[in-house]
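# A closer look at the structure
Listed below, chain by chain, are the residues.
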Amino acid sequence: MSERAHWGSRTGFILAAAGSAVGLGNIRKFPYITGTNGGGWFVLIYLACIVLVGLPILVAEIMIGRAAQAQPVVAFERLKGRSSGWSVIGWMGVVASFLILSFYIVVAGWSMDYTVKHLVDFGKPIREQAVAESMAYEAVASTETMRSDLVEARASRIASRRIDVLEAGVSPATLALHAEFLAAMSATDESEVSEDIRRERLRSDPAVRDAVDAMEAMAPAITQARTTALAEAAAEFDGVSDEEVRRRATEQRRRNLIGDRMSERFGALATDGWTGTFWAAVFMFLTMTIVAAGVGRGIEAACRVLMPLLIAMIIGMVVFASTLPGFSEGFSFVFKPDASALKPSGVLEALGHAFFTLSLGMGALITYGSYQKRGTPLFGQAAWIAGLDTGIALLACMMMFPIVFSFGQDPAAGPGLVFISMPLAFAEMGSGGILLGAVFFFLLSIAALTSAISLLEVAASYFIDRWNWSRPKAAIIIGSTIFAVGVLVAFSMSEGFLLASWTAGFGMSLFDTFDFVASNWLLPAGGLLIAIYAGWFLPAKIRNGELAGHGSSVILTWLFLLRFVAPGMVLLVLAQKIGLYDANELLHSIWN
């Protein structure tokens, strides 16, 4: 067996490990879950979760890999013996990395597709058509109609926030039952049975009756919120000149039209299996090429170029965002705490994302740690890795939200924030948006690539360490196998999908199934077991050797967090994911 490869330097390891952590989750997911959970308070809770859960497990993973000098499956076999059963943690990581990469290459392919689309200014015909239609609206709509349209849109945004605050005082179960009641009433509108009889029959269930009574008792407050919002919006536009009203209304109509077309374009891409397969193939080829080249000449060399480039591009985009009128609003949204805007489920959302974003539980950091020589202080490296990951996530928010606010988009737009709202904003910029859009989606592709490298490395390294495969052989065979599964994922949302019964049978697409199994089961369970093993079962001799040079207070604090705090918090996430309790109900009862 050839001598194990190692990182060329501490900096190379930190950049590679940070590259593993920094991915689509930082730039695509973190901004939209921050937006849907109200910004500031969510960010603070997320940062606390990074410190209390992420860092302790991150240190443990690097320690295990470095001590065993092997990838996850082989690492646990070396440390505790092949018959101990602990190697199941490694297998969970291998399976998780396989599943995640099979759909990750599809999303990364979308980013590459949008990069090229912006280079050829794909938004130009959309923008031109929207301009023509908005001009037609301007030609025929009266000033009062335009003023009314602006007032209604503004009032809707104001009322929505206030109604969310009101509904935060009601349990999620009550909201859900009331929504089901309203849906049932609406579905039977054309029935010959009178409304009173239908209503009484549905209310025969005590739980439904209590939910309806609670929401109807709140109805006057909701009506008042809407009425007040409408009055405020009307007052806001009362002093606006007719000329300005017509300009703003035309602009609003144009943006709505562009948004609708961008949504259609993304929907067409997501359901186009052939295009998805093409870009997934390009992306996987790049990933396989880098992994096949080796630890030093491939992974480390790539991350030494890609990570600084990624950081420089994000900082450049933030500098541009700082020149926009929505920068101060975006800054306040991310960093100003507002407890009323935080959903109860946002606490566990923050914990779950802190876990996912650091690549914990999938074996990536065990694998990368195995390529590092002993003797380098662990906690300093871990802090750098977590700091880079968290810093880039926050910069992504500061890059995106000023653009979102400046161009009248919804910060709580959800997953569509990246592939719908941002392209809309770039289209609104005109010729300047061509370059900015291409840069944005290119940096998204870079972030995806640095993570994909680590995911393929986890799976391929098993065959390198266990079966002594050559690195090119492992990268090509395992990468090709993952790509083959990725083809199914790319087609899973297309009409005529080969596994047509999958969505009906599982209640979600193949894409979402892989995401659900990996994110909700394998990663939390893997992280939990790693914390338990490193905290309670890792031989003290190994632990003390790896932590030599650190103060006793630092080690004791880390052990406490790893043994008690991290497992407890991960158990909360895992128990909620598998349905043992409803986090929304529990946190609502605690807060209220």
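Everything that follows concerns the structure shown earlier in this document.
Okay, so let's go over this structure. What you are looking at is a predicted structure, and each value in this text was computed from that prediction instead of being measured.

## Overview of the nonpolar core
By size, the foremost hydrophobic cluster in this structure holds 171 residues, and its most contacted members are I27, I57, L310 and F440. Broken down by element, this core gets its largest block of residues, 18 residues, from helix α17 (residues 378-406). Here F440 is in contact with I27, M317, M399, M400, V418, M422 and F426, once residues within four sequence places are set aside.

## Concerning the layout of surface pockets
Considered as a void within the structure, the second largest pocket measures approximately 1,100 Å³ in volume. Of all the secondary-structure elements, those providing two or more residues to the lining of the second largest pocket are α2 (24-36), α5 (87-119), α15 (346-357), α18 (416-428), α22 (510-537), α24 (552-577) and α25 (583-591). Counting residues per element, the lining of the second largest pocket draws most heavily on α22, at eight residues. Of the residues contributing to the lining of the second largest pocket, the split by class is 23 nonpolar, 11 polar and eight charged.

## Thoughts on α15
Its 12 residues give α15 an end-to-end C-alpha distance of 16 Å, which sits within 8% of 16 Å, the value for a rise of 1.5 Å per residue. Listed as buried for α15 are G346, L348, A350, L351, H353, A354, F355 and T357. Directly after α15, the chain includes S359, whose backbone phi takes a positive value near 60°.

## Concerning the environment of A548
As for its position among the elements, A548 is in the loop between α23 (540-546) and α24. In this structure A548 comes out as exposed when scored by relative accessible area, which is 57%. Counting along the chain gives 172 residues from A548 to T376, while the straight-line C-alpha distance between them is 9.3 Å.

## Here we look at empty space enclosed by the protein
Tallied over the full model, the rule gives two cavities of 30 Å³ or more. Of all the secondary structure elements, the ones that give two or more residues to the lining of the largest cavity are α1 (10-21), α2, α5, α15 and α19 (432-467). By residue class, the composition of the lining of the largest cavity is seven nonpolar, eight polar and no charged. What the second largest cavity holds in volume is close to 60 Å³. As for the second largest cavity, its lining consists of H118, D121, F122, G123, K124, R127, P423, F426, A427, G430, G433 and I434. Within the residue set of the lining of the second largest cavity, elements represented by two or more residues are α6 (123-140), α18 and α19. Class assignment of the residues belonging to the lining of the second largest cavity gives a composition of five nonpolar, four polar and three charged.

## Examining the environment of G259
Tracing the sequence through the fold places G259 in helix α11 (residues 242-270). Assessed through its relative accessible area of 13%, G259 is described here as buried. C-alpha separation for the pair G259 and A427, spaced 168 residues apart in sequence, amounts to 9.7 Å.

Rules behind the numbers
Residues numbered from 1 in each chain as written. Predicted model: local features only at pLDDT ≥ 70, side-chain atom pairs only at ≥ 80, totals over all residues. Heavy atoms only, no water. Core = buried A, V, L, I, M, F, W, Y, C linked by side-chain atoms within 4.5 Å. Buried < 20%, exposed > 50% of the residue type's maximum accessible area, 1.4 Å probe, protein only. Helix = DSSP H or I, 4+ residues; strand = E, 2+ residues; numbered from the N terminus. Contact = heavy atoms within 4.5 Å. 1 Å grid on protein atoms, 1.4 Å probe; cavity = no way out; pocket = protein on both sides within 12 Å on 5 of 7 lines; lining within 4 Å. Points joined across faces, edges and corners; volume = space filled by probe spheres on them. Nonpolar A, V, L, I, M, F, W, Y, C, P; charged D, E, K, R; others polar. Expected span 1.5 Å × (residues − 1).

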